[in-house]
Amino acid sequence: MEKMSSKKTKVDIMGNGVLPRRTLDLYAMNAGDGPRSYVQNSSYQRGAVDIAKPIIEEEIARKLDIKHRSSTSPNGFWVADFGCSTGHNSFPAMQIITRAIYRKHASSGLITSQIPEVFVLFNDVITNDFNTLFTSLPPRRRYTAIRLPGDFHSRLLPESSLHFAYSSWALQWLTQVPKEVAERDSPAWNNRAILYTRDRKEVCDAYLNQYAKDIEAFMEARAVEMVSGGLMAILVPAVPAFWNPETEYTIPSDLNLLGSCLVDMAKTGKFSEAKVDSFNLPFYFTTPEQLKAILERSHSFTLERLEILNNPGKYTLPSVNARAAFYRAVLEGLLTDHFGSDIIDELFTLYMEKLAALPVFLNPDKDKSTVILAVLKRRSE
Ligand SMILES: C[S@@+](CC[C@H](N)C(=O)[O-])C[C@H]1O[C@@H](n2cnc3c(N)ncnc32)[C@H](O)[C@@H]1O
């Protein structure tokens, strides 16, 4: 039951303001399991999920506090994946998380019949393709799966009900493009670029501020929802503080290469240059230092572990076609909404041509993007 306010801002069931419906709608990954789908084009992300699994398993064994009961079902153990998309990268993570939870209960002396039933809540935006997720659930699983649509920056669950929160490759999505970046008379106006570039400090600062606000909103919502002693594991794409743009690249620099294709298309009259000026991506790729500072400001969680993972997934995009398909599966909704669907094929063809002419982008060893795994524990009140 959702009401629309006069400003067309959605109000959720708990009365919290959430994102305008339009913005969130565009965030869903390409649906289904066909050649353009996120399912088929997210091995890059999967690499990081796979190397994070044993670390998460170890943290659950060492630190998860299982004595606190969920307010909603005292005999249930509740896990949620925030930003799960169509699930195929989520299922392997949920498999090890639920297995580790069972082992933790068993090692505390409980016999099988005393171990609580595990419920996994799969969260994403309402336009996410939950049908693909639910039709591909692993048949052999130790949990009951539940759909949880909505904006993860606001409250989605009852107070003190959740034991384990997980999120991978989702917290780089901002609730909005920072306003000043889109304002022509602002020093942070981002002009022709579609994402911040390191030489524009005002733009970088505007993006970082928005990112910090959004991560804090996510943490505040989870702080209310989680039981004392509950654990949270987040996998967040990142960049190092220093890397050489002449000889190396990162996801943001690659996205700016895609942006340069939009500028080229505008120059040939496909659409106006103003159309490119008014398009900015709602993403921020943090450095480890920035994320650590944000997480450590929390009064509700302690930062238990922070690992910088060198993502093996970067070796899974063997060709310009694969790299273009990877970005297309993520960005098609946003691009189509702003530029129309007619330009998408041409845009990615141009992007592939540029990639082919820039060998550095085709060398995965030069991809300096990393992924941060942060494990946090809900403080006891
Ligand atoms: C790149 S996908 C990651 C999917 C999966 N977790 C993985 O590791 O492959 C990011 C997902 O986050 C979702 N997302 C972004 N912002 C969100 C928000 N505010 N609330 C809920 N989901 C969000 C997107 O819809 C998308 O499905």
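Before reading further, recall that the structure is shown in the block above.
So, how was this worked out
Residues numbered from 1 in each chain as written. Predicted model: local features only at pLDDT ≥ 70, side-chain atom pairs only at ≥ 80, totals over all residues. Heavy atoms only, no water. Axes fitted to C-alpha atoms, helices over the stretch in contact; angles between N-to-C directions. Helix = DSSP H or I, 4+ residues; strand = E, 2+ residues; numbered from the N terminus. Parallel < 35°, antiparallel > 145°, perpendicular 65-115°, else oblique. Left-handed = near helix turned anticlockwise from the far one by under 90°. Contact = heavy atoms within 4.5 Å. Nonpolar A, V, L, I, M, F, W, Y, C, P; charged D, E, K, R; others polar. Near = heavy atom within 4 Å. Polar contact = N/O pair within 3.5 Å; in protein donor to acceptor, adjacent residues only side chain to side chain. Areas by Shrake-Rupley, 256 points an atom, 1.4 Å probe, with all protein chains shown as cover. Salt bridge = Lys/Arg side-chain N within 4 Å of Asp/Glu carboxyl O. Buried < 20%, exposed > 50% of the residue type's maximum accessible area, 1.4 Å probe, protein only.

(A) Just the packing of helix 2 (residues 43-63) against helix 3 (residues 90-107), in detail. Following both chains from N to C, one finds helix 2 and helix 3 inclined at 10°, their axes separated by 9 Å at the closest point. With respect to helix 3, the axis of helix 2 lies roughly parallel. Helix-helix and strand crossings are classified by hand; for helix 2 and helix 3 the assignment is right-handed. Taken together, the residues of helix 3 that come into contact with helix 2 (itself represented by R46, V49, K53, I56, E57, I60, A61, R62 and K63) are P92, A93, I96, I97, R99, A100, I101, R103 and K104. Each residue belonging to the contact of helix 2 with helix 3 can be placed in one class, and the counts come to 10 nonpolar, no polar and eight charged.

(B) Fine view of the site of the ligand. Residues in close proximity to the ligand total 20 residues, the closest being Y38, G83, D124, D151 and S168. Here an oxygen atom of the ligand sits 2.6 Å away from a polar atom, N or O, in the side chain of D124. Between the ligand and the protein, one listed contact pairs a nitrogen atom with a side-chain N or O atom of H153 at 3.4 Å. Protein chains shield 99% of the accessible area of the ligand, which is 590 Å² for the free molecule. Taken together, the residues that form the shell around the ligand break down as 11 nonpolar, seven polar and two charged.

(C) Spatial organisation of the pattern of salt bridges. A complete count under the given rule lists 24 salt bridges for this structure. R103 is the salt-bridge partner of E57, the closest N and O atoms lying 3.5 Å from each other. With E57 in helix 2 and R103 in helix 3, the pair connects residues that are 46 residues apart, well separated along the chain. Note on E57: relative accessible area 17%, which makes it buried.

(D) Highlighting the packing of helix 6 (residues 251-267) against helix 9 (residues 320-339). Close contact between helix 6 and helix 9 brings their axes to 12 Å; oriented N to C, the two are set at 55°. For the element pair helix 6 / helix 9, the angle class is oblique. Along this stretch, helix 6 crosses helix 9, giving a crossing that reads as right-handed. Judged by residue contacts, I251, D254, L255, L258 and L262 of helix 6 engage R323, Y327, L331, L335 and F339 from helix 9.

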